[in-house]
Amino acid sequence: MTSRSLRSLAAFAAVLLLAGSAGAQTAAPAAAPAGGPKVGDMAPDFTLPAATMGGVSQTPVKLSDLRGQTVVIAFYPRARTRGCTVQMQTYRDQFATLFNGGQGVTVLAVSTDPVDTIAAWAKDEKFPMTFLSDREATVGQLYDVKYPAMNLLRRVLFVIGPDGRVTHVMRPFAELSSDAYTELREAVAKTRATN
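Residues numbered from 1 in each chain as written. Predicted model: local features only at pLDDT ≥ 70, side-chain atom pairs only at ≥ 80, totals over all residues. Heavy atoms only, no water.

**Some remarks on the pairing of strand E6 (residues 105-111)**
A large share of E6 lies buried, amounting to 7 of its 7 residues. Relative to E6, strand E5 (residues 70-75) runs parallel, the two sharing 6 bridges. Each bridged residue has a counterpart across the sheet, and for Phe 75 the counterpart in E6 is Val 110. The pairing of E6 with strand E7 (residues 130-133) spans 4 bridges and is parallel. (Buried < 20%, exposed > 50% of the residue type's maximum accessible area, 1.4 Å probe, protein only. Helix = DSSP H or I, 4+ residues; strand = E, 2+ residues; numbered from the N terminus. Pairing = 2+ DSSP bridges.)

**Here's the deal with the pattern of salt bridges**
For the structure on display, the rule yields 5 salt bridges. When the shortest N-O distance is used, the salt bridge between Asp 113 and Arg 78 registers 3.1 Å. Highlighted residues: Asp 113 in the loop between E6 and helix H4 (115-125) and Arg 78 in the loop between E5 and helix H2 (82-93), separated in sequence by 35 residues. Overall, Arg 78 belongs to the partly exposed group, its relative accessible area being 30%. Between Asp 93 and Arg 92 there is a salt bridge, and its shortest N-O distance comes to 2.8 Å. (Salt bridge = Lys/Arg side-chain N within 4 Å of Asp/Glu carboxyl O.)

**A word on H4**
All of the buried residues in H4 are Ile 118, Ala 119, Trp 121 and Ala 122. End-on, the buried residues of H4 take up no more than an arc of 165°, which puts them together on one face. Exposed residues on H4 whose side chains face more than 90 degrees from its buried face are Asp 116, Lys 123 and Asp 124. Contact partners of the buried residues in H4: strand E2 (50-52), strand E3 (55-56), H2, E6 and E7. Immediately downstream of H4, the backbone of Lys 126 shows phi near 55°, a positive value. (Arc of directions from axis to C-beta. Contact = heavy atoms within 4.5 Å.)

**Let's talk about the environment of Thr 130**
For Thr 130, the location among the structural elements is in strand E7. Owing to a relative accessible area of 18%, Thr 130 belongs among the buried residues under this scheme. Note: C-alpha distance between Thr 130 and Ala 51 (79 residues apart in sequence) is 6.0 Å.

**Concerning helix H6 (residues 178-194)**
Between its first and last C-alpha atoms H6 spans 25 Å; for 17 residues at 1.5 Å apiece the expected length is 24 Å, and the two agree. Those residues of H6 lying buried are Ala 180, Tyr 181, Leu 184, Ala 187, Val 188 and Thr 191. For H6, the buried positions fall inside an angular range of 125° around the axis, keeping them on one side. Exposed and facing more than 90 degrees away from the buried side of H6 are Ser 178, Asp 179, Lys 190, Ala 193 and Thr 194. Each element contacted by the buried residues of H6 is listed here: E5, H2, helix H3 (95-98), E6, strand E8 (156-160) and strand E9 (166-170). N-capping of H6 is provided by Ser 177, with a side-chain oxygen placed 3.2 Å from the backbone N of Asp 179. (Expected span 1.5 Å × (residues − 1). Polar contact = N/O pair within 3.5 Å; in protein donor to acceptor, adjacent residues only side chain to side chain.)

**Notes on the nonpolar core**
Counting 30 residues, the largest nonpolar core has Val 72, Met 88, Tyr 91, Phe 99, Phe 131, Leu 157 and Leu 184 as the members making the most contacts within it. Of all the secondary structure elements, the ones that give two or more residues to this core are E5, H2, H3, E6, H4, E8 and H6. At 5 residues, the largest contribution of residues to this core is made by H6. Excluding its chain neighbours within four sequence positions, the residues that come into contact with Leu 157 are Val 72, Ile 73, Ala 74, Tyr 91, His 168, Val 169, Met 170, Phe 173 and Leu 184. (Core = buried A, V, L, I, M, F, W, Y, C linked by side-chain atoms within 4.5 Å.)

Shown next, in the form of structure tokens:
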């Protein structure tokens, strides 16, 4: 083999090695998301602009202001998309059984959508929960639900007890599975019963 052939072969091998290691680095976070609060941890506090089916709220929602009640934080990717619509419609249609009709339970649905977008969606669909706008995904990063290199949040759910501690995590929340809603209902009921 000539020295030019050896250099070409070495350059090709280096390209393959770099491509393989880059692929491994990007695949790892999606396969095994790490970080974020675990069961028993205090839920990281935050304040975000809010909207309901009544419109954009004048006052932002601060998580720590909700102490004393069970809080469900449902991160989702984007308003009006198929999976997110199925998820929120199921929350609406099963609000009484999943969330005790809102008695002692607050549901916060969080995405990076603008606050006026989620207000219009909540109004159109008559959603009974509160929607929060995490435009820069700062809360998503606190909870380790932000997609790498995209300003979108993963579909992950946290149940927070009245003391502010995480009691249940669904990572991911499988919005098309009836088992996910059964698990959610049981987690909320258990959290309410033990506090």
